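Here is how the chains run, residue by residue.
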Amino acid sequence: MITRLKNALRGTLLGWKKHPPVAGRNWHPTWLPLDIPFGRESEAHPHSPEERAELFLAHNTGSTEIETLNWLHATICLTKATCILETGSLDGLGTIALAAACRDNGLGKVHSVEIDPAACERLVSRMQRYGLANYVEVHCSGSLEFLQKTDLVFDFGFFDSLCDIRAEEYCICLDRKIIQGIAAFHDTSAHRTKSLLNDPPVAVHNEYRRKIHELARDPRNSGYFEHILSRGLFVIFPEPAAPPPPPETHCLASVEP
Ligand SMILES: C[S@@+](CC[C@H](N)C(=O)[O-])C[C@H]1O[C@@H](n2cnc3c(N)ncnc32)[C@H](O)[C@@H]1O
């Protein structure tokens, strides 16, 4: 009864803020602040037809698609990762999805590493505005330098800085044993350079894809999956942790004949 009353009050207060359907879809993830507008990915970012961008939603060209952000949020809610790395924050959409998952889990922190001081400042105030400041630490630094020095050990990584350096970021994490969980790489679509000629250049993007495929086969990892639509997402899974030792006594051993 109290919950129904609360929901009715919330509906009355927020009703006027509700967005109309976007691209025919009446979907607004609950973790996404209502004042962040979004539209069709096909209008926000260049694509070739194979990438089916018309099926996806995005805030702007530089920010991750809403579907990918929603996957990040759901994956953190499922895995209960507590020490989360993000390289490259820009307008903070990835940070919001990850930090909102920490808030929804009641534990965890996102370490967002961004090289641009203006973007870092915007991110800090944005996190305060959305009540997420307790779940985020902004590191205003180049990602490679940060990862070479940090004492943190991450149980989830979202690699989203420059395509040119994302594989190197992950290599540092593996070599320094500072990542023990899922690693997700954005902008991995094999078709990207058909519509984006120089961001990055073809050779750099091919090298990015070659390196992450190679890293996925590294014996320190156990597998991967590749999402091939829109901007693409490549996810590498770590070697599973060793199973706990068996209990010392079998439950039947204590049963008297
Ligand atoms: C694709 S945007 C990040 C988008 C964001 N993660 C999201 O989910 O919406 C890339 C960001 O990486 C930052 N960047 C570029 N080089 C970097 C580096 N070496 N270290 C850290 N951040 C870097 C850029 O300033 C930019 O803000």
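A quick note: this is a predicted structure, and the numbers were derived from the prediction, not measured.

Asker: Account for the overall build of the protein, with residues named and values stated.
Answerer: Regarding its fold elements, the protein presents nine helices and nine strands. Looking at the protein as a whole, 35% of its 257 residues are labelled buried. Relative to all contacts within the protein whose residues are 6 or more apart in sequence, the contacts with residues 24 or more apart total 67%.

Asker: Outline the sheet that holds strand E9 (residues 233-238), supporting the account with residue identities and numerical values.
Answerer: Overall, mixed pairing links the seven strands, which are arranged E5-E4-E3-E6-E7-E9-E8 in an open sheet. Bordering the open sheet on either side are strand E5 (136-140) and strand E8 (221-227), each of which pairs with just one other strand. With direction set aside, neighbouring strand axes in the sheet form an average angle of 15°. Note that strand E7 (residues 179-186) and E9 share four bridges and pair antiparallel. The residue bridging Ala-184 from the neighbouring strand is Val-235, located in E9. Sitting on the sheet, helix H7 (residues 163-175) touches strand E3 (83-87), strand E6 (154-159) and E7, and the angle it makes with E6 is about 170°.

Asker: Kindly report on the pairing of E9, identifying the contributing residues and their values.
Answerer: Sheet analysis places E8 next to E9, joined by six bridges and oriented antiparallel. Bridged to Phe-225 within E9 is Val-235. If you look at the hairpin formed by E8 and E9, you'll find five residues sitting between the two strands, and Ser-230 has a positive phi there, around 50°.

Asker: Any details on helix H5 (residues 117-129)? Residues and values, ideally.
Answerer: The end-to-end C-alpha distance of H5, which contains 13 residues, comes to 19 Å, matching closely the 18 Å that a straight helix rising 1.5 Å per residue would cover. Three or more residues of H5 are buried, namely Leu-123, Arg-126 and Met-127. With its buried residues spanning 95° around the axis, H5 presents them on a single face. With respect to the buried face of H5, the exposed residues turned more than 90 degrees away are Pro-117, Ala-118, Ser-125, Gln-128 and Arg-129. Tucked inside the fold, the buried residues of H5 contact helix H4 (93-105), strand E4 (109-114) and E5. Residue Gly-131 follows H5 closely and has a positive phi angle near 70°.

Asker: Which residues make up unusual backbone geometry, and what values do they have?
Answerer: Of the consecutive residues Asp-199 and Pro-200, the connecting peptide bond is found in the cis state with omega at 5°. Structurally, Pro-200 can be placed in the loop between helix H8 (192-195) and helix H9 (202-216). The backbone phi angle of Ala-23 is positive, close to 50°, even though this residue is not glycine. Relative to the helices and strands, Ala-23 is located in the loop between helix H1 (2-14) and strand E1 (39-40).

Quick notes on the rules
- Residues numbered from 1 in each chain as written.
- Predicted model: local features only at pLDDT ≥ 70, side-chain atom pairs only at ≥ 80, totals over all residues.
- Helix = DSSP H or I, 4+ residues; strand = E, 2+ residues; numbered from the N terminus.
- Buried ≥ 20, exposed ≤ 12 C-beta atoms within 10 Å, placed from the backbone.
- Contact = placed C-beta atoms within 7 Å.
- Pairing = 2+ DSSP bridges.
- Axes fitted to C-alpha atoms, helices over the stretch in contact; angles between N-to-C directions.
- Expected span 1.5 Å × (residues − 1).
- Arc of directions from axis to C-beta.

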